[in-house]
Amino acid sequence: MPVPRPAPRHRPAALALAVCLLLLAACTSQKPEPLTRKPRTIEPVAGCGARSWTDPARLGENRAPARCAKGAPAPRRLKRPRHLTLATSTLTAEYVAPLQLAIKKGEFAKEGLDVELKVLPTPDALPLLAKGKLDALWAAPEAAVINGIHGGFGIRWVAGNFSPAPSSRSGLWIRLRDGERPDTVRPAGRSVGTLIGKGSVISYPLEKVLAEHGAAMETMDFQQLGSSDVLTALTSGGVEAAWLLDPVWRQVRGDKRYAFLGGQPVGEPLGGALFGPNLLSADVDAGVALLRAYIRTINTWFAGDYKRDRGFVAELAALLGQDAKTLAAVPSLRMDWEIRKGTAGRLQRAYRDAGVTDGAILPERRLVDRRLYAEAVGHRP
Amino acid sequence: MSAVEERRAATGRLVRRPGPAESRPRAAHRRRRALELTLAVAVPVVLVLLWQLAADRQWIDPRIYPAPSTILADGKERALDGELWPDVRATLQRVAAGYGIGTGAGFLLGLLMGALPLVRAALEPTMDALYVVPKLALLPVFLNMFGLGEGPQIALVAVTVFFFVWISTMAAVLAVPEGHRDAGRVFGAGPWQMFRHVLLPASLPAMLVGARIAAGVAVLVIVASESIAASDGLGHLIFDSRALFRNDVMFVGIVCVAVLGVVFSELVRLAGRLLTPWAPRDRGRGRT
């Protein structure tokens, strides 16, 4: 009987190599497509007149956000239905309400779009957006986005989302020391609790607010905390200041131990829709249709102080999974699809000062594309 | 390397001839060690080279998976600029403090519960219940208890390490053969002598195995904890870089954590060898 042959010695090595190659195949990249686009015809849109576009250079709380008539711009169903995947880091935030409502009311469907929302943090969504595995990201031009574009990602900020109501007190709150007054407080050197890190768009208003009070980002000691811990840390003395979001700031409003130093600039949206190569160049029709439905939703349901209608608030609360009383307790957001001129630069300067982005400040055209919402409302540049 | 077995067809008997391991044991051992060392070095080197090649040839997206050379260059730059060391130091201090407290407490309670049945009866159900609680879920509790400083991080590491050491120590004490205790009693050993000369030497090797496992887990836990509630440390560096889409920096942090884990685990192993020279070694001359 012959001696049995021993197992081949190189089998484990070959297996390891095969596993490596499989892993590599799984990670294989797709280079982002160049963002080329054929010239598009922009036609006037019924219901969207002069008020449907505001000069991007205009800032400030006196600027009324652009609006069309209720129900405008009218849907223009695509010849071929499209399935679009949108990522957002939350489904419960109020600024996502227009998206949620557009799905519920069938505004996307009227355009021939089947929109699917996925909850995904921005850093995780960015590569997928750049590779075309996601069509859009409902977020903000955070430092991660700037770093991604610096790295060559074909991503643009194509629509705004909201700015706070002038009466909102979402922003930087400080615990007053003995003898301090709100108008003379100097926050330099104090600890700040924040839910959001230095790479968030909040860096820009935070830097602005601190500068107004004689402080700078580098003079502060930042503590990044969970959503429920920010207020606890401020009230328990764990931190001396905190960036409080809606509706948390209501807990300290009226308390003389705390002072509101400032918040997000009124009339200047800092977030909104980010498109990747799919909607920026491969299928611009779908990109315009998506924004048309979004803008129509704002004009129809979010044009003014939408929280005056308690029935609508209840509907929104159910949609967002929030408590209706909590939702009604803070002022309506100013929903705004436009992007202000210079916001991208101001954000980038704040990131640079915070040391969270590398490289030179990108020109606005590398980050912002207003042409899609301009086409949706029929505005010719 | 082992003996060659052959079945003789004619007789049906199994014939066992000496293999190289039996006939030339020293040379066979040297060859074996050389092969093991080569494999230990070659496998990671080949993987890193493959990774570098994949990044260079764009088989993988180097913006998402930076090449090893990029990570190395970035790590070197951060180290030379002094940006890396505060994070390394912060993590090391938290791990060392938490590990020391957790190991000490786990060892003491393990010995007590292993040696005293009444203490075991009183505490074991409670400890078992606490053991299964995910330790990271305790972070908010520790934040409330200790505030925003180093306390919550150290407490989290200590609690995590404690359970590994406690269980292994208690099990080791319980596993000390009754014959060893009998021998101690025959020689008239008092409680301290019984502990010093019987229970401690018998349980220390197993306790150190638990301590080694805990060393790795301590690094895991601190990285997770720093990602949630810390403004420095390697965990903060990794997750902050991830949030900022600075993947090269993120990988520098990951490599640092891996190195820290290996070094820490090896230090505990070395301490174990020095403390328990009588215990069988878990690495070294392999069986041929």
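Residues numbered from 1 in each chain as written. Chains lettered and ligands numbered in written order. Predicted model: local features only at pLDDT ≥ 70, side-chain atom pairs only at ≥ 80, totals over all residues.

What follows is about the domain arrangement of chain A. All names here are of chain A. Under the domain assignment used here, chain A contains domain 1 (50–164 + 268–377) and domain 2 (171–263). Here domain 1 and domain 2 have C-alpha centroids that lie 27 Å from each other. At the junction of the two partners, domain 1 supplies 19 residues and domain 2 supplies twelve residues. Counting only elements with at least two residues in the side of domain 1 that touches domain 2, the list comes to helix H5 (143–150), helix H11 (324–329) and helix H12 (343–354). Looking at the side of domain 1 that touches domain 2 residue by residue, the class counts come to 13 nonpolar, two polar and four charged. (Domains from an automatic or database assignment. Contact = placed C-beta atoms within 7 Å. Helix = DSSP H or I, 4+ residues; strand = E, 2+ residues; numbered from the N terminus. Nonpolar A, V, L, I, M, F, W, Y, C, P; charged D, E, K, R; others polar.)

Turning our eyes to something else, we now look at the domain arrangement of chain B. Taken domain by domain, chain B comprises domain 1 (4–60) and domain 2 (79–275). For domain 1 of chain B versus domain 2 of chain B, the separation of C-alpha centres amounts to 36 Å.

At the interface, 27 residues of chain A touch 25 residues of chain B. For the side of chain A that touches chain B, the secondary structure elements donating two or more residues are helix H1 (11–27), helix H4 (122–131), H5, strand S8 (221–224) and helix H7 (227–236) of chain A. A per-element tally of the side of chain A that touches chain B places H5(A) first, with four residues. Tallied by class, the residues present in the side of chain A that touches chain B amount to 14 nonpolar, twelve polar and one charged.

All names here are of chain B. Among the structural elements, glutamate 150 can be located in the loop between helix H6 (139–146) and helix H7 (151–174). Overall, glutamate 150 belongs to the partly exposed group, with 16 C-beta atoms counted inside 10 Å. Considering only alpha carbons, one finds glutamate 150 and alanine 90, 60 residues apart in sequence, at a separation of 9.2 Å. (Buried ≥ 20, exposed ≤ 12 C-beta atoms within 10 Å, placed from the backbone.)

A word on the pairing of strand S9 (residues 241–244) of chain A. Residues and elements named next belong to chain A. Alternating residues of S9 divide into Ala241 and Trp243 and Ala242 and Leu244, and every residue in both groups is buried. Bridging between strand S7 (residues 191–194) and S9 involves two bridges; their strand directions are parallel. Bridged to glycine 193 within S9 is alanine 242. (Pairing = 2+ DSSP bridges.)

Mapped onto this numbering, the UniProt entry annotates "transmembrane region" (unreviewed entry) at residues 34–54, 96–118, 130–148, 154–177, 198–224 and 244–264 of chain B. Taken as a whole, residues 244–264 of chain B contains 86% helix and 0% strand, while its terminal C-alpha atoms sit 29 Å from one another. (UniProt positions renumbered as here; feature names shortened; annotations may be inferred.)

Axes are the key here: two packed helices are described by the angle between their axes and the distance separating the axes. Residues and elements named next belong to chain A. Two elements in contact, helix H2 (residues 97–104) and helix H10 (residues 310–320), have axes whose closest approach is 10 Å; the angle formed by their N-to-C orientations is 95 degrees. When the axis of H2 is compared with that of H10, the two are roughly perpendicular. Along the contact surface, H2 presents Ala97, Gln100, Leu101 and Lys104, while H10 presents Leu316, Leu319 and Leu320. (Axes fitted to C-alpha atoms, helices over the stretch in contact; angles between N-to-C directions. Parallel < 35°, antiparallel > 145°, perpendicular 65-115°, else oblique.)

In this structure, Ala136(A), Trp173(A), Ala242(A) and Leu274(A) are the most contacted members of the largest nonpolar core, which totals 153 residues. Broken down by element, the residue count for this core peaks at 16 residues, all from H7(B). Ignoring sequence-local partners within four residues, the contact set of Leu274(A) consists of Leu129(A), Ala136(A), Leu137(A), Ala139(A), Val145(A), Ile155(A), Arg156(A), Trp157(A) and Val158(A). (Core = buried A, V, L, I, M, F, W, Y, C linked by C-beta atoms within 7 Å.)

All names here are of chain B. For chain B, the average pLDDT comes to 87, and 94% of its residues sit at 70 or higher. Counting interchain partners and residues more than four positions distant, the pLDDT-below-50 stretch residues 284–288 has seven contacts. The complex prediction reports pTM at 0.78, with the ipTM value standing at 0.72. (pLDDT = per-residue confidence, 0-100.)

With that settled, consider the UniProt feature "domain: ABC transmembrane type-1" (unreviewed entry) in chain B. Residues annotated by UniProt as "domain: ABC transmembrane type-1" (unreviewed entry) correspond here to residues 88–268 of chain B. Its end C-alpha atoms 19 Å apart, residues 88–268 of chain B is made of 86% helix and 0% strand.

Quick look at the sheet that holds strand S1 (residues 82–88) of chain A now. Residues and elements named next belong to chain A. Reading across the sheet, the five strands line up as S2-S1-S3-S11-S4 and stay open at both edges, with mixed pairing between neighbours. Bordering the open sheet on either side are strand S2 (113–119) and strand S4 (156–160), each of which pairs with just one other strand. Across the sheet, the mean angle separating the axes of adjacent strands is 30 degrees when strand polarity is ignored. Pairing of S4 with strand S11 (residues 272–275) involves four bridges; the strand directions are antiparallel. For tryptophan 157, the partnering residue across the bridge sits in S11 and is leucine 274. Relative to strand S3 (residues 136–139), H4 is tilted by about 155 degrees, and along the sheet it contacts S1, S3 and S11.

Here the focus is the sheet that holds S7(A). Residue and element names in this part refer to chain A. Strands sit in the order S8-S7-S9-S6-S10 across an open sheet of five strands; the sheet is mixed. The open sheet has two edge strands, S8 and strand S10 (258–263), and neither has a second partner. Sheet twist, expressed as the average angle between the axes of neighbouring strands with direction ignored, equals 25 degrees.

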